[in-house]
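# Geometric and topological summary
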Amino acid sequence: MLQGTGINSDRGGEELIEATGMTDGITLFIIGSGDLLPMLKSKVNDLNITDKVKFFHALPWNEMMRYTKSADAGLSLDKDTNLNYRFSLPNKLFDYISAGIPVITGTLPEVKKIVDENECGIIIPDISPSEISKAIIRLRDDHSLLNRLKQNAVKASEKLAWDKEAEKVSAIYRSVLER
């Protein structure tokens, strides 16, 4: 599963399509919008993998999450090409975790920190078709690992829920206002 309203350049879409082409026994759902979608659709046609990749336009969050919850993994493949990607925490990361599915991601520090601390995914050393494919195959073939990462994602979703985060934000505001 790849989702987002910014499926654009340097977010691993091209490499993911190539990885899907070289990986048997999987289906990729791409849900969302972005500048790169026409090129990704063309690449899917060129690689003759239209049976393995399903595109969906941006959906309301609740409807999108039904698809997300049915997936075995979510991909967050932003590249370290700018400060925004390097230090941001994409919404899809939290969507995947709240859906109880493992995350496959690269080494961007903030995303890696969440995945490592919660042991809820696989960190790949670089955003390349071969590394993405290896991670997908690992989850596809190791049901014990897949189940453990799913359970950890569920635990992480309880810890990272907005109501818990809101308490932290409120505490910060209170401390600032008290000064």
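These notes cover the structure that comes with them. (Residues numbered from 1 in each chain as written. Predicted model: local features only at pLDDT ≥ 70, side-chain atom pairs only at ≥ 80, totals over all residues. Heavy atoms only, no water.)

Evaluation of the coordinates by the stated rule reveals 2 cavities of 30 Å³ or more. Contributing to the lining of the largest cavity are L2, G6, I7, N8, R11, G13, L36 and K92. The space that makes up the second largest cavity amounts to roughly 30 Å³. Around the second largest cavity, the lining residues are S76, L77, D78, T105, G106, L108 and V111. Its residues placed into classes, the lining of the second largest cavity shows 3 nonpolar, 3 polar and 1 charged. (1 Å grid on protein atoms, 1.4 Å probe; cavity = no way out; pocket = protein on both sides within 12 Å on 5 of 7 lines; lining within 4 Å. Points joined across faces, edges and corners; volume = space filled by probe spheres on them. Nonpolar A, V, L, I, M, F, W, Y, C, P; charged D, E, K, R; others polar.)

The next thing to look at is unusual backbone geometry. Backbone geometry places N48, a non-glycine residue, at a positive phi of 55°. Position of N48 among the secondary structure elements: in the loop between α2 (37–46) and β3 (53–56). What makes N48 exposed here is its relative accessible area of 62%. Positioned with a positive phi, E119 is a non-glycine residue whose angle comes to about 45°. Within the secondary structure, E119 is located in the loop between α6 (109–118) and β6 (121–123). (Helix = DSSP H or I, 4+ residues; strand = E, 2+ residues; numbered from the N terminus. Buried < 20%, exposed > 50% of the residue type's maximum accessible area, 1.4 Å probe, protein only.)

Within strand β2 (residues 28–32), 4 of the 5 residues are buried, which leaves it mostly tucked inside the rest of the structure. Judged from the 3 bridges that link them, strand β1 (residues 2–4) and β2 form a sheet pairing that is parallel. What sits directly across from Q3, in β2, is I31. Between β1 and its parallel partner β2, the chain crosses via helix α1 (residues 13–21), and the hand of that crossover is right-handed. Since β2 and β3 lie parallel, the crossover through α2 that links them has a hand, and here it is right-handed. (Pairing = 2+ DSSP bridges. Right-handed = clockwise from strand over helix to strand, strands pointing away.)

Taken in spatial order, the 3 strands line up as β4-β5-β6 in an open sheet, and their pairing is parallel. The outermost strands of the open sheet, each flanked by one partner alone, are β4 (74–76) and β6. When strand polarity is set aside, the average angle formed by the axes of neighbouring strands in this sheet is 15°. Here 3 bridges tie β4 to strand β5 (residues 103–105), and the two strands are oriented parallel to one another. (Axes fitted to C-alpha atoms, helices over the stretch in contact; angles between N-to-C directions.)

Reported here for the largest pocket is a volume of approximately 400 Å³. Those elements that place two or more of their residues in the lining of the largest pocket are α1, β2, α3 (61–70), α7 (129–141) and α8 (143–159). With 3 residues, α7 is the largest single contributor of residues to the lining of the largest pocket. Space inside the second largest pocket adds up to approximately 320 Å³. If you go around the second largest pocket, you meet 16 residues; those closest to its centre are Q3, G4, T5, N91 and K92. Looking at the lining of the second largest pocket, the elements with two or more residues in it are β1, β2, α3 and α5 (91–98).

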